[in-house]
Every structure is written in structure tokens, then in C-alpha cells.
Amino acid sequence: MDHFEYRNGELWCEEVSVSNIVETSGTPAYIYSAATLLEHYDRVEAAFDALDPLICYSIKSCSNLHICRLLAEHGSGFDVVSGGELVRALEAGADPRKIVFAGVGKTDEEIHRAIDARIGWFNIESEPELENLIDIAKSRRVNVNAALRVNPDVDPKTHRYTTTGTRETKFGVDLERARRVFDQYGRQDAVLLTGIHLHIGSPVNSVEPYVRAITKGLDLIESLRGDGFKIDTLDIGGGFGAHYRASEAPPAVRYAEAIVPLLEGRNLRFIMEPGRSIAANAGILVARTVYVKQSGERQVLIVDAGMNDLIRPALYEAYHFIWPVQPPDGFVPVGRGEDVRFPGTVQMDVVGPVCETGDFFAKDRALPPTQRGDLIAVFSTGAYGFVMASHYNTRGNPPEILVIGDSHRVIRRRETYDDLLAAERL
Ligand code: LLP
């Protein structure tokens, strides 16, 4: 699953103890395991080997420059959705030909920047966007590659906020519209519309929605080819699951077993955009208990990280396994998440210091007796953790630390109060 494990009674990341890391970094802090990131990447690549995949890591999931650099050096391309993400990918050393650019609201400035960088593909989300891209490409006398994002109307059965491939969402165009888009724009050459892009949602912990979405995508591709359009690329987006509650995410090979046979021999360049499945289990958020408070019958553990550092529980009521970094004797877990059951635990709410009732990491969770000063780890926070952090309550963002074997280094320093005020000191 990952390279975080309890050894000699305390949590380690690869060959470094977590308590050792936070002694210098302080808390809260995000800690990432390089080996976990790369292993997850390799597993996706190996599973889909038969399709010679172009893996465009979804940078939005965990976008630290050093992590992007690690993945770029490992051969990864990047899925970006903003000018900022494009700049990040390029600074991390990405090969621009391996960059795909999605997003429903690409501005002219972002489009010009992406053309300047000579990215691989624009993933087009609507007719007005396509018309704009055609105008810009013509005015600059360039040809750009594009895939049309098609909304296959498949429900991935995930949180409604992270469902993207059903008809009512803002993403892509539906299958009927897709045909009309090709009829209308598929024969000009400023924007070479030669691909289909799908992304149904995230996380999708079963294979079947992919099979349905890809089957619909392939029907569209075959019928477009029948009409003389040259379609040479299929991008299936991201969405593969990660382990939050237990070992609930199918491994990459399970997805591949179902997807590869659909696509072999189709003469399509195959692109994937995994984010969570690479980064989620590669990171933890470490926080220190500030106070333990009794509220009626419940114990409330108040820690020094808040919803501004990790918003997933507040926003999606997402489950993250939480456990002390140095648990009391007899409470060292073997498994993770809902697999962990101990006699003698106490039901607690784990909350942050932010002034919102939604500022919690866990409700009514069974945890070992915990005291002021104890460190806790919030697991599986490598994806959509730091990247969604805010400055709410004028709280600086925590540092990010990357562990490689027995060494670790700060890859983003803790923000200071001066950082927080700098842009306003006018
Ligand atoms: N491709 C596109 C076009 C996407 O919109 C996304 C994610 C991905 C790829 C990567 O999906 P992944 O492999 O990471 O599942 N903040 C939410 C997740 C939002 C996902 C947005 N799009 C969360 O914390 O669960």
C-alpha cells in the first residue's frame, strides 16, 4: 500500500521515523514517501504496458515542484488545468509534448501560454472554447492538437462533488453533441481534433464504470472514423481509487484487465491521467495535539492542523485513517483504517482550531488514549491535501517534506506571517 509503517512502536516513513522529521519541521506538516509515489506510478505503467500508455500525472492532486520533478524524471507527462499548473509542470522539467491541458474555462492568456510551450494536447470542453482556440491558433498561424472531452453519462458512484462524467455536470459535451462538434469543426486544421477525452470522476473504486464509458467512447470513435475523421488518441482521464478506509481500491492491474482488452489493436494512442492513485497513499499529515477537551460524553482532540490544511473531511465528509505517531503500549496497529480494532480505545472527535463546526478530521472515532503534546498522523493525504490548503483564519500553509530512503528534506517551507501579509502590504 505504502511505505508508512509502525516499527519499534512508532510510525516510520521509509527509513526515517516521523517523530524525528517533525522534531525539526514542527507541526502541522505533510510528509511524502518518494518510493510510494514511484511504485504507484510504476504499477500503473506496468499494468497498462500492452497499450504503451502515456501517463500524464494529474498535477492538481499533489503539485509540489519537487514531486513533479521526481515524476518528470521518471518519464511522466502531466495533466494540467490552469496556467499555474502549466508553469509548474514546465519548471519541473516536463516534456511539453507530454502535457495535456483540460479545464472548462481556459482563458486566452492560458491558451497563448500553452501554445508558446508547445504542449501535446488541449482537452476541449465546449464549442465556444474550441471556436476560441481555433481563432487563436489561426491568428498565430499554428496548428495545435486537441481531444474533445466527451461526457459519457456514466455514474461512477462517487461523491456528488467529484462526479464529472454524468450529463448534468459542467464538463465536456455529451455524446450526441460530440458528433455535431466533429461535423462542424473536425475538418479544419488550425485545431487538429483527433482525440477523445473521458474523465468520469474520482475516486472510482470499481472497474465497471470505466468499461461502460470507454465502450461508449469507442462506439463514438468508430462511427467518427467511419465518417472519415482521423481519430488517433483516447485519453481515459484519471479516477483510479486509493486506500482510505482499508484496502478498498482495486489495484491498477484490475482496471487494466478490463480496459486493455477493449483497446488493444484499436490503433489509438492511449493517455491516462492518474493523480490520486499515485499520490494519495504517498502522503500523511502530521499534527500535534494541542488540547484534549471533554464535551458532554465525548472527548474532543484539538490538534494544530485544521480544515485550512486538509479540507477533504469538511468538504466531502471524507474518511481518513488517524492514529498516534507514537501510540501507547499495546496500541501499535498492524493494518489501517477500519481494519484497526483495539480494546481500550476511546471515542473521540478529532478537530482543528479553525472557527467552523466543519473543521474536523474525524467524528466519533475510536482512538488510543491521547494526551496534550501527542503527535497524530492523518493518513492517505498525499492527494488533494496540501494542494487544497487555504489561509483561512490567517493560518500559514504547513511545510511539505519529501522522504527518500533514509534522507528527508523540506520541499516547501512553512509559511510565515510575513508570507501571509506580503501581497497586501501595498
Ligand atoms: N483528469 C481530470 C480531467 C480530472 O478532472 C481529474 C481530477 C483527474 C484527471 C485526476 O483524477 P484522480 O486520478 O486524481 O482521481 N478534490 C477531490 C478530487 C477532485 C478531482 C478533480 N479532478 C478529492 O479530494 O477527492
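1. A closer look at the side chain of E110
Here comes step 1: With respect to the element layout, E110 can be found in helix α5 (residues 108-117).
Here comes step 2: Buried and unpaired, E110 has no salt bridge, with R113 as the nearest side chain of opposite charge at 7.7 Å.
Here comes step 3: A polar contact is formed between the side chain of E110 and the backbone nitrogen of T107, at a distance of 3.0 Å.
Here comes step 4: In contact with E110, not counting residues within four places along its chain, are S82, G83, F101 and G105.

2. Digging into the domain arrangement of the protein
Here comes step 1: Split by domain assignment, the protein resolves into domain 1 (4-32 + 280-422) and domain 2 (34-279).
Here comes step 2: The gap between the C-alpha centroids of domain 1 and domain 2 is 32 Å.
Here comes step 3: Summed over both sides, the interface of domain 1 with domain 2 buries roughly 2,300 Å², with 56% coming from carbon and sulfur.
Here comes step 4: The largest share of the area that domain 1 buries against domain 2 comes from N281, Y316 and Y384, three residues that together contribute 25% of it.
Here comes step 5: Taken together, domain 1 and domain 2 are joined by 1 salt bridge.
Here comes step 6: The closest approach of N and O atoms between R245 and E338, which form a salt bridge, is 2.4 Å.

3. A closer look at the packing of aromatic side chains
Here comes step 1: Counted according to the given criterion, the structure contains 14 aromatic pairs.
Here comes step 2: On the basis of an interplanar angle of 65° and a centroid distance of 5.6 Å, the ring pair of F182 and F229 is categorised as edge-to-face. You can see F182 sitting in helix α7 (residues 175-185) and its partner F229 sitting in the loop between α8 (208-226) and β12 (233-235), a full 47 residues away along the chain.
Here comes step 3: Judged by relative accessible area, F229 falls into the buried class, the value being 5%.
Here comes step 4: Grouping aromatic residues by their ring pairs yields a cluster made of F48, Y210, F240, Y255 and F270.
Here comes step 5: When the ring centre of F101 is taken as reference, the NZ or CZ atom of K106 above it lies at 5.5 Å.
Here comes step 6: A cation over a ring is seen here: K363 above F360, with NZ or CZ 4.7 Å from the ring centre.

4. Quick look at the sheet that holds strand β1 (residues 4-7)
Here comes step 1: The 3 strands lie next to each other as β1-β2-β3, forming an open sheet whose pairing is antiparallel. The open sheet has two edge strands, β1 and β3 (16-17), and neither has a second partner.

5. Some thoughts on a negative patch on the surface
Here comes step 1: Taken together, the side chains of D42, E45, D49 and D52 make up a negatively charged region of the molecular surface.
Here comes step 2: Mapping E45 onto the fold places it in helix α2 (residues 34-47).

6. Some points on the packing of helix α4 (residues 83-91) against α5
Relative orientation and spacing of two packed helices are given, respectively, by the angle between their axes and the distance between those axes.
Here comes step 1: Packing of α4 against α5 brings their axes to within 9 Å, and their N-to-C directions diverge by 20°. Judged by the angle between their axes, α4 and α5 are roughly parallel. With respect to the hand of their crossing, α4 and α5 are arranged in left-handed fashion. Here α4 contributes G83, L86, V87 and L90 to the contact with α5, which in turn contributes E110, R113, A114 and A117.

7. Let's talk about the environment of D116
Here comes step 1: Its location among the elements puts D116 in helix α5.
Here comes step 2: When the C-alpha atoms of D116 and D364 are compared, they prove to be 52 Å apart, with 248 residues separating the residues in sequence.

8. Examining the pairing of β1
The two faces of a sheet get side chains in turn, since along a regular strand they alternate between them.
Here comes step 1: Alternating positions in β1 separate cleanly, F4 and Y6 being buried on one face and E5 and R7 remaining unburied on the opposite face.
Here comes step 2: Here 4 bridges tie β1 to strand β2 (residues 10-13), and the two strands are oriented antiparallel to one another. Looking across to β2, one finds that F4 is bridged to C13.
Here comes step 3: Between β1 and the antiparallel strand that follows it, β2, lie 2 residues; N8 among them carries a positive phi value of about 50°.

Here is what the cut-offs are and how they apply
Residues numbered from 1 in each chain as written. Predicted model: local features only at pLDDT ≥ 70, side-chain atom pairs only at ≥ 80, totals over all residues. Heavy atoms only, no water. Helix = DSSP H or I, 4+ residues; strand = E, 2+ residues; numbered from the N terminus. Buried < 20%, exposed > 50% of the residue type's maximum accessible area, 1.4 Å probe, protein only. Lys, Arg positive; Asp, Glu negative; His and termini not counted. Salt bridge = Lys/Arg side-chain N within 4 Å of Asp/Glu carboxyl O. Polar contact = N/O pair within 3.5 Å; in protein donor to acceptor, adjacent residues only side chain to side chain. Contact = heavy atoms within 4.5 Å. Domains from an automatic or database assignment. Buried area = accessible area lost by both parts, 1.4 Å probe. Phe/Tyr/Trp six-rings, centres within 6.5 Å; stacked < 30°, edge-to-face > 60°. Lys NZ or Arg CZ within 6 Å of the ring centre and 35° of its normal. Pairing = 2+ DSSP bridges. Patch = residues over 30% accessible without salt bridge, like charges linked within 9 Å, V, L, I, M, F, W, Y side chains within 5 Å. Areas by Shrake-Rupley, 256 points an atom, 1.4 Å probe, with all protein chains shown as cover. Charge placed at Lys NZ, Arg CZ, Asp CG, Glu CD. Axes fitted to C-alpha atoms, helices over the stretch in contact; angles between N-to-C directions. Parallel < 35°, antiparallel > 145°, perpendicular 65-115°, else oblique. Left-handed = near helix turned anticlockwise from the far one by under 90°.

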